[in-house]
Amino acid sequence: MPGAPDIPGCAIKKQRSLASVHTSSSTFTFRTSCSSQLVIQSFNLANHYLSAMGKEDMLLYWASGSPPCMRVMIALEEKGFNGYSQKRLDFSKKEHKTDEVLAINPRGELPTFRDGDVTLSESYGIIHYLQHRYPDSGTNLLPGDAVQQGLVLQRYYEASGALYPKVRDYFTAAFNKETPEEEFKKKGEALLKEVAIFDGYLGKSTFAAGDVFSMADVELLTTLVLLTRQELKLEGRFDNLLAYWNRNKDRPSVVASYPPHFKTSDSPKFMANV
């Protein structure tokens, strides 16, 4: 680790104190010449080095357009790991079933993520891991307050367990030309019902679970990328959700994780008439 830079504002004293700064994976020890101010600055410096070291050991296998990959990429960006290594794979070429991927993920699924000796392949597990392994790096995706944390987790699992499955079900029906019209209609109605619930939430808060960005927003924004790509009409129906999207669509983490092929190919517009 390179030498720590001088920290201004602390006069040298004859009596020195020893301060240990603990992180989730390492302990950094600093000999300081002043108390609380230098301990706090040393703590921030320690987390800076921890984040930098973590970034060097990270590798993400991903595919363009995959919602699970997208949510992990948003989380990585939010946590400040925008320089992580990555390998884009092509589902159509079965690149996710190569020996390289199967060696670390027997299911051959994406995303597959490595951080040093840690390997994870479920997007929700990866997001939780990033937050708890690097709690002080970048955006705090899960607040420590019990009430706020409960709300974030509720919205997070509502978006992943209720809203996203309705989107996935509708897409599946749209791709299947043999889907009966009545069933197709019911799936559309079920989707709109879930979208309306989140529109109501966003009429009362700036973000998905309150007034700060959290892992609930990671999930919701991933789904909104899909909905807007398929041209679901929000204006005049879900204006709170539309305003939320307009506030966050240019957020650096969303821009960085936006599927590359979405930018160069036409949308099927599956939801234009929902």
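Residues numbered from 1 in each chain as written. Predicted model: local features only at pLDDT ≥ 70, side-chain atom pairs only at ≥ 80, totals over all residues. Heavy atoms only, no water.

Along the backbone of the protein there are ten helices and six strands. Looking at the protein residue by residue over its 274 residues, the buried ones come to 44%. For the protein, long-range pairs separated by at least 24 residues make up 66% of all intrachain contacts whose partners lie at least 6 apart in sequence. As presented, the protein carries roughly 14,400 Å² of accessible surface, and 50% of it is formed by carbon and sulfur atoms. (Helix = DSSP H or I, 4+ residues; strand = E, 2+ residues; numbered from the N terminus. Buried < 20%, exposed > 50% of the residue type's maximum accessible area, 1.4 Å probe, protein only. Contact = heavy atoms within 4.5 Å. Areas by Shrake-Rupley, 256 points an atom, 1.4 Å probe, with all protein chains shown as cover.)

We now examine the confidence of the model for the protein. Residues at a pLDDT of 70 or more form 80% of the protein, whose mean pLDDT is 84. Strand β1 (residues 17–22) is the least confidently modelled element of the protein, averaging 36 in pLDDT, while helix α8 (residues 239–248) averages 98, the highest of any element. Throughout residues 1–36 the model reports pLDDT below 50, and contacts reaching past four residues in sequence, or to other chains, amount to 67 contacts. Considering only residues more than four positions removed or in separate chains, one finds that residues 38–53, a stretch of pLDDT under 50, has 37 contacts. (pLDDT = per-residue confidence, 0-100.)

Relative to the helices and strands, Gln149 resides in helix α5 (residues 146–175). The exposure class of Gln149 is partly exposed, given its relative accessible area of 27%. Linking Gln149 and Ser214, residues 65 residues apart in sequence, is a C-alpha distance of 9.5 Å. Of the polar contacts made by the side chain of Gln149, one reaches the backbone oxygen of Pro143; its length is 2.8 Å. (Polar contact = N/O pair within 3.5 Å; in protein donor to acceptor, adjacent residues only side chain to side chain.)

Only a minority of non-glycine residues have a phi that is not negative, and only a minority of peptide bonds are not trans. Omega for the bond connecting Leu110 with Pro111 falls within 30 degrees of zero, at 5°, which places this linkage in the cis form. The residue Pro111 is located in the loop between α3 (99–102) and β5 (112–115) in this model. Positioned with a positive phi, Lys94 is a non-glycine residue whose angle comes to about 60°. Its location among the elements puts Lys94 in the loop between β4 (85–88) and α3. Lys94 sits in the exposed class, given a relative accessible area of 56%.

Core analysis: the biggest nonpolar cluster contains 62 residues, and Leu76, Leu130, Leu224, Tyr244 and Met271 have the highest contact counts within it. Breaking this core down by element, the ones donating at least two residues are β3 (58–62), α2 (67–78), α4 (123–133), α5, α6 (181–201), α7 (215–229) and α8. Ranked by the residues each element gives to this core, the list is headed by α7, at nine residues. Those residues in contact with Met271 that lie beyond four places of it in its chain are Val167, Tyr170, Phe171, Leu191, Leu227, Gln230, Glu231, Leu232 and Lys233. (Core = buried A, V, L, I, M, F, W, Y, C linked by side-chain atoms within 4.5 Å.)

Attention now goes to the sheet that holds strand β6 (residues 118–120). Here we have four strands laid out as an open sheet, ordered β4-β3-β5-β6, and mixed in their pairing. The open sheet is flanked by β4 and β6, the only strands paired with a single partner. With direction set aside, neighbouring strand axes in the sheet form an average angle of 10°. Summarising the sheet, β5 and β6 pair through three bridges and their orientation is antiparallel. Within the sheet, the bridge partner assigned to Asp115 lies in β6 and is Val118. Strands β3, β4 and β5 of the sheet are contacted by α2, whose axis makes an angle of about 155° with β3. (Pairing = 2+ DSSP bridges. Axes fitted to C-alpha atoms, helices over the stretch in contact; angles between N-to-C directions.)

The first and last C-alpha atoms of α6 sit 31 Å apart over 21 residues, in line with the 30 Å expected at 1.5 Å per residue. Gly188, Leu191, Leu192, Glu194, Val195, Phe198 and Asp199 are the residues of α6 that are buried. End-on view of α6: buried residues confined to an arc of 165°, all on one side of the axis. For α6, the exposed residues set more than 90 degrees away from the buried face come down to Lys186 and Lys193. Considering only its buried residues, α6 is in contact with α5, α7 and α8. (Expected span 1.5 Å × (residues − 1). Arc of directions from axis to C-beta.)

Look at α2 against α4: their axes get within 9 Å of each other, and the N-to-C directions meet at 5°. One way to sum up the angle between α2 and α4 is to call them roughly parallel. Contacts from Pro68, Arg71, Val72, Ala75 and Leu76 in α2 reach Ser123, Tyr124, Ile126, Ile127 and Leu130 in α4. Looking at side-chain class alone, the contact of α2 with α4 contains eight nonpolar, one polar and one charged residues. (Parallel < 35°, antiparallel > 145°, perpendicular 65-115°, else oblique. Nonpolar A, V, L, I, M, F, W, Y, C, P; charged D, E, K, R; others polar.)

This paragraph deals with the side chain of Ser137. If you trace the backbone, Ser137 turns up in the loop between α4 and α5. Polar contacts involving the side chain of Ser137 include one to the main-chain carbonyl oxygen of Lys79, which spans 2.6 Å.

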